[in-house]
Amino acid sequence: MDCIFCKITSGELPATFVAESEHAVAFNDINPAQPVHVLIVPRVHYTDVAELAVANAEVLADLIQLGVSVAELKSTGSFRLQFNTGAEAGQTVFHAHGHITSRTPRV
Ligand code: AMP
Ligand code: ZN
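Residues numbered from 1 in each chain as written. Chains lettered and ligands numbered in written order. Predicted model: local features only at pLDDT ≥ 70, side-chain atom pairs only at ≥ 80, totals over all residues. Heavy atoms only, no water.

Q: For this particular structure, what's the right way to read the pairing of strand 1 (residues 17-20)?
A: Pairing between strand 1 and strand 2 (residues 24-28): three bridges, direction antiparallel. Residue pairing for strand 2: Ala 19 is matched across the bridge by Ala 26. Counting the residues in the hairpin turn of strand 1 and strand 2 gives three residues. (Pairing = 2+ DSSP bridges. Helix = DSSP H or I, 4+ residues; strand = E, 2+ residues; numbered from the N terminus.)

And the structure:
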């Protein structure tokens, strides 16, 4: 399977990692839409968050906890957590991931 996020989570491709947990990693989005834009990505491949939610609630909870930690680390506490799910919703990488975005970075 040719999945760019599998290659990043395995270390085959580089990324700017900002945090990690047992089941997930967090790295900066290569094309940030806001001053804080971090992706939270499970280490195991699931196509999208809907598939992940059905398959493994423990991984999903760990992923969200990692996202909240990243948001607290990188922002003043006002942030969004977004999961684009399906091509028509704007999903372009079909390995489940959440976007942590914030307009108010912690300085
Ligand atoms: P989505 O549109 O929800 O599937 O989000 C995919 C995100 O992955 C986009 O915001 C891209 O900018 C980001 N992205 C794609 N390739 C990379 C990469 N190699 N490193 C970091 N972020 C990436
Ligand atoms: Zn993958």
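Q: For this particular structure, what's the right way to read the coordination of the zinc ion (ligand 2)?
A: Ideal values differ by geometry: the angle at a metal is 109.5 degrees with four tetrahedral donors, but 90 or 180 degrees with six octahedral donors. Every protein donor of the zinc ion (ligand 2) is accounted for by Cys 3 (SG), Cys 6 (SG), His 45 (ND1) and His 95 (ND1), and the metal-donor separations fall at 2.1 to 2.3 Å. Here the zinc ion (ligand 2) is ringed by four donor atoms whose angles at the metal span 105 to 116°, and the overall shape comes out tetrahedral. The sequence pattern formed by the donor residues of the zinc ion (ligand 2) is C-x2-C-x38-H-x49-H. Of this pair, Cys 3 sits in the segment before helix 1 (4-9) while His 95 sits in the loop between strand 4 (80-82) and strand 5 (98-102); the two residues are 92 residues apart in sequence, bridging distant segments of the chain. (Donors = N, O, S within 2.8 Å, 3.2 Å for Na, K, Ca; no water. Tetrahedral: all angles 85-135°; square planar, octahedral: opposite > 155°, others 65-115°.)

Q: What am I meant to see in the packing of aromatic side chains here?
A: When we look at a pair of aromatic rings, we describe it by the centre distance and by the angle of the planes. Applying the stated rule across the entire model yields two aromatic pairs. Seen from their ring centres, Phe 5 and Phe 27 are 5.5 Å apart, and the 85° between their planes marks the pair as edge-to-face. Taken together, the positions of Phe 5 in helix 1 and Phe 27 in strand 2 put the pair 22 residues apart, joining distant regions of the chain. Accessibility assignment for this pair places Phe 5 and Phe 27 in one class, buried. Here the aromatic rings of Phe 17 and Phe 27 are separated by 5.8 Å at their centres, their planes lie at 75°, and the arrangement is edge-to-face. Separated by 10 residues along the polypeptide, Phe 17 in strand 1 and Phe 27 in strand 2 bring together distant segments of the chain. Note on Phe 27: relative accessible area 3%, which makes it buried. Put simply, the rings of Phe 5, Phe 17 and Phe 27 pair up and form one aromatic cluster. (Phe/Tyr/Trp six-rings, centres within 6.5 Å; stacked < 30°, edge-to-face > 60°. Buried < 20%, exposed > 50% of the residue type's maximum accessible area, 1.4 Å probe, protein only.)

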